[in-house]
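# Secondary and tertiary structure notes
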Amino acid sequence: MFGWFLRLLGFARDVPSSDAPLAPAAAPVTRPGQPLPVVPSEDGSAELPVLVGEQRRGPPPWDRSAVAPAMEPTVVRRRLRQELEALAAETPPGGDRDFAERLLKLVENDKLDLPPFPDVARELDELLQRTTTDILQIARVVERDPGLVRRVWTHARSAMYSSAPRSLHHAVARVGLDALWRIGMSVCLNDTVFRVEGYQGQAAQVREHGIITAEVAAMIAGERRGSLYLAGLLHGVGDLILLRCASDTKRSGPSLEMLAKVGDTTRASLGVLVAHSWKLDDVAVAGIGFHGDADGAPRSQQRGARIIRAAVVASYGVRLKAEGISYDNADPVAIIQALGFDGNQAMERASTIYAELRDAERADA
């Protein structure tokens, strides 16, 4: 049932390994388009990929992202400037230094040259927060975005229904408010918002990782939509800022190693600046900024940040398991349990979404 949504969002494609979002991909044990070797979960409710066995040293991917220094954008921007100035100074002349200097100029710009939060997404969010909703009013918002109209019609005409919808408002009603909200929010990560020419594979991975994280976060929180789903979806948005900066075709591009290094250092802080620019609430800001270490979040936001961290661990963990990669003393289930959540349940949810991504790839092959 979830595969249609993933295909609509453009996640049914070949993407790099999850070992590091902006690093060269490791050769996967099972390639997209091939069935995953699986075993049943303990309660039989899901199938989990088989661990094939490649041990690696160093921190696992969920421990490589530095947390934001604060929730306040002025503090974050100041720290980012200091970090990027030091990085540019220590980097030899060439594409990597050019990239650090471009990023520094970008951070010094108050608005990061960011695209605005899509109007359609914001209006849908406001409409769907009301206790009563007018389907005709929602349809009028949807019809202003041709891409959103196409996605709604695609789902409303899918094989699960015996007939085509009679009108756009009928299609909106058929899709359902929760799924419509998720489709609307996905506009935030689309390539029409973040153009990353030359880095489409890396951007697709960021988007896929965001979807899996959002779905797991929603399951843990018991919410189908809301700030925690949005925080999971956008927790890696800082990487899209980096990729957009790297895709400047007028300049020499950075190495993948440089992208990975800068991403690990800055993605959370850049994400906080994006969240403030888009006027997201503190729950989303904290989830984005402190998914690397929830204890660094303000006390009132620590539970939400722990949910996003648990979802990030589950998302990475299931992909690493599918690729046969493990790390010393890094058990995703135990880490999620230590955060106060059901590790097996989180991994099963991540596994379900991951498997549906692969099913969507095979369907589109």
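Scroll up for the structure.
What you are looking at is a predicted structure, and each value in this text was computed from that prediction instead of being measured.

Here is what the cut-offs are and how they apply
- Residues numbered from 1 in each chain as written.
- Predicted model: local features only at pLDDT ≥ 70, side-chain atom pairs only at ≥ 80, totals over all residues.
- Heavy atoms only, no water.
- Helix = DSSP H or I, 4+ residues; strand = E, 2+ residues; numbered from the N terminus.
- Buried < 20%, exposed > 50% of the residue type's maximum accessible area, 1.4 Å probe, protein only.
- Contact = heavy atoms within 4.5 Å.
- Phe/Tyr/Trp six-rings, centres within 6.5 Å; stacked < 30°, edge-to-face > 60°.
- Core = buried A, V, L, I, M, F, W, Y, C linked by side-chain atoms within 4.5 Å.

## Section: the environment of Ser269
Along the chain, Ser269 turns up in helix 12 (residues 256-277). Ser269 gets classed as buried once you look at its relative accessible area, which sits at 4%. Along the backbone, Ser269 and Ala66 are 203 residues apart, and their C-alpha atoms lie at a distance of 8.3 Å. Those residues in contact with Ser269 that sit more than four places away from it in its chain are Val67, Ala68, Pro69, Val76 and Leu80.

## Focus on the packing of aromatic side chains
Applying the stated criterion across every chain yields a total of 1 aromatic pair. When the centroid spacing of 5.6 Å and the interplanar angle of 70° are considered together, the rings of Trp181 and Tyr229 count as edge-to-face. Taken together, the positions of Trp181 in helix 8 (residues 177-186) and Tyr229 in helix 10 (residues 227-234) put the pair 48 residues apart, joining distant regions of the chain. For the pair shown, Trp181 and Tyr229 are each scored as buried.

## A short note on the nonpolar core
Counting 107 residues, the largest nonpolar core has Val142, Leu234, Trp278 and Leu280 as the members making the most contacts within it. Of the residues forming this core, the biggest block, 12 residues, is contributed by helix 14 (residues 302-322). Trp278 has contacts with Pro115, Pro116, Phe117, Arg122, Cys188, Val193, Phe194 and Leu234, leaving out every residue within four places of it along the chain.

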